[in-house]
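# Examining the three-dimensional arrangement
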Amino acid sequence: MPDPARRDAIVLHEALHTNIDLKAVTEVICSRTPSQLLHLKHLYVSLFGVYLEHDIQSQTSGDHEKLLLAYLSTPRSEGPEFDQRLVEHDAKALYKAGEKRLGTDETTFRNIFSERSRAHMAAVSSVYRNTNKNTLRKAIKHETSGNFKDALITILQCAENPGKHFAKVCTIVI
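The following paragraphs examine the structure supplied in this document.

The next point concerns the overall build of the chain. Counting its regular elements, the chain contains eleven helices and zero strands. Reading the chain from its N terminus to its C terminus gives the helix and strand order α-α-α-α-α-α-α-α-α-α-α. Computed over C-alpha atoms, the radius of gyration of the chain comes to 16 Å, within 12% of the 16 Å expected from 2.2 N^0.38 for 174 residues, which places it in the range of a compact globule. Principal-axis analysis of the C-alpha atoms places the extent of the chain at approximately 45 × 30 × 30 Å. For the chain, with 174 residues in total, the buried portion stands at 45%. Counting only contacts in the chain whose residues sit at least 6 apart along the sequence, the fraction spanning at least 24 positions is 68%. Surface exposure of the chain reaches about 9,200 Å², of which carbon and sulfur atoms provide 54%. Of the charged side chains in the chain, 23 are positive and 21 negative, and the gap between their average positions amounts to 6 Å.

What follows is the structure in structure tokens.
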């Protein structure tokens, strides 16, 4: 049985080359920590001779592609600390970029979700829920679609409760 990073690299390579499965790509990338992603990227290039980012660019497009590439390349803290003022700012920005306007500002969603730590995103979700009619998850479901929506939801679920997220994924697989 390969180690987790090797398994992830193999799953990604197969999902990007053999049986194009962007849900699998999204799940693997958006559920991993920054240190896991860094290790995965190095392993991917050593196993397959091509950068993971290149394979993602060749098989994805639009906001989904931009989010995956940003999530792979942006350093984020893995600790429990966050800035409460920035959390409140981000919750307001997400509301203004989604529910408050006609159409959605995907760039705001992409930037916040790819640049902030899990602890920060969990706090944003809590503030969003306490200050708006809907939860952030419901807002994402109403304001976005497709693989981009799935990526945002995966990031959010892993920020709020990674154990629950992985239990749900395991139940789906079984």
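Our next topic: the packing of helix H2 (residues 22-30) against helix H10 (residues 146-160). The geometry of H2 relative to H10 is characterised by a closest axis approach of 9 Å and an angle of 30 degrees between their N-to-C directions. Viewed along their axes, H2 and H10 adopt a mutual orientation that is roughly parallel. Classified by chirality, the crossing of H10 by H2 is right-handed. On the side of H2, the interface is formed by Leu-22, Lys-23, Thr-26, Glu-27 and Cys-30, while H10 contributes Asn-147, Asp-150, Ala-151, Thr-154, Ile-155 and Cys-158. Across the contact of H2 with H10, the residue classes tally to five nonpolar, three polar and three charged.

Attention shifts here to the nonpolar core. Core analysis: the biggest nonpolar cluster contains 44 residues, and Ile-29 and Phe-113 have the highest contact counts within it. Beyond its immediate sequence surroundings of up to four residues, Ile-29 is in contact with Leu-12, Leu-37, Ile-56, Leu-68, Tyr-71 and Leu-72.

Let's shift gears to the pattern of salt bridges. Per the stated rule, a full pass over the model turns up seven salt bridges. As a salt-bridge pair, Lys-41 and Glu-53 come within 3.3 Å of each other at their nearest N and O atoms. Of this pair, Lys-41 sits in helix H3 (residues 34-48) while Glu-53 sits in helix H4 (residues 52-59), placing them twelve residues apart in sequence. Side by side, Lys-41 and Glu-53 carry an identical accessibility label, which is buried. A salt bridge links Asp-63 to Arg-110; the nearest nitrogen and oxygen atoms lie 3.3 Å apart. Of the two residues, Asp-63 is situated in helix H5 (residues 62-73) and Arg-110 in helix H7 (residues 106-115); the sequence distance between them amounts to 47 residues. A residue is classified by how much of its surface remains accessible, and Arg-110, at 12% relative accessible area, is buried.

Attention shifts here to the state of the cysteines. Counted under the stated rule, the structure contains zero disulfides. The thiol of Cys-30 is not disulfide-bonded; the next cysteine sulfur, from Cys-158, is found 8.4 Å away. Here Cys-30 falls in the buried class, since its relative accessible area comes to 0%.

A word on H5. An ideal rise of 1.5 Å per residue puts 16 Å on twelve residues; H5 measures up with 17 Å between its terminal C-alpha atoms. Of the residues making up H5, those classed as buried are His-64, Glu-65, Leu-67, Leu-68, Leu-69, Ala-70, Tyr-71 and Leu-72. Close packing links the buried residues of H5 with H2, H3, H4, H7 and H10.

This part is about the environment of Asn-147. With respect to the helices, strands and loops of the structure, Asn-147 is situated in helix H10. When the C-alpha positions of Asn-147 and Ala-70 are compared, they lie 15 Å apart, and in sequence the two are 77 residues distant. In contact with Asn-147, other than residues within four places in its own chain, are Leu-22, Lys-23, Thr-26 and His-64.

Okay, the environment of Gln-57 next. Here Gln-57 is to be found in helix H4. Each C-alpha atom, one on Gln-57 and one on Leu-68, is 9.3 Å from the other, the two residues being eleven residues apart in sequence. What Gln-57 contacts, discounting residues up to four positions off in sequence, is Glu-65 and Leu-69.

Rules of the game
Residues numbered from 1 in each chain as written. Predicted model: local features only at pLDDT ≥ 70, side-chain atom pairs only at ≥ 80, totals over all residues. Heavy atoms only, no water. Helix = DSSP H or I, 4+ residues; strand = E, 2+ residues; numbered from the N terminus. Rg over C-alpha atoms; globule rule 2.2 N^0.38 Å. Buried < 20%, exposed > 50% of the residue type's maximum accessible area, 1.4 Å probe, protein only. Contact = heavy atoms within 4.5 Å. Areas by Shrake-Rupley, 256 points an atom, 1.4 Å probe, with all protein chains shown as cover. Lys, Arg positive; Asp, Glu negative; His and termini not counted. Charge placed at Lys NZ, Arg CZ, Asp CG, Glu CD. Axes fitted to C-alpha atoms, helices over the stretch in contact; angles between N-to-C directions. Parallel < 35°, antiparallel > 145°, perpendicular 65-115°, else oblique. Left-handed = near helix turned anticlockwise from the far one by under 90°. Nonpolar A, V, L, I, M, F, W, Y, C, P; charged D, E, K, R; others polar. Core = buried A, V, L, I, M, F, W, Y, C linked by side-chain atoms within 4.5 Å. Salt bridge = Lys/Arg side-chain N within 4 Å of Asp/Glu carboxyl O. Disulfide = S-S within 2.5 Å. Expected span 1.5 Å × (residues − 1).

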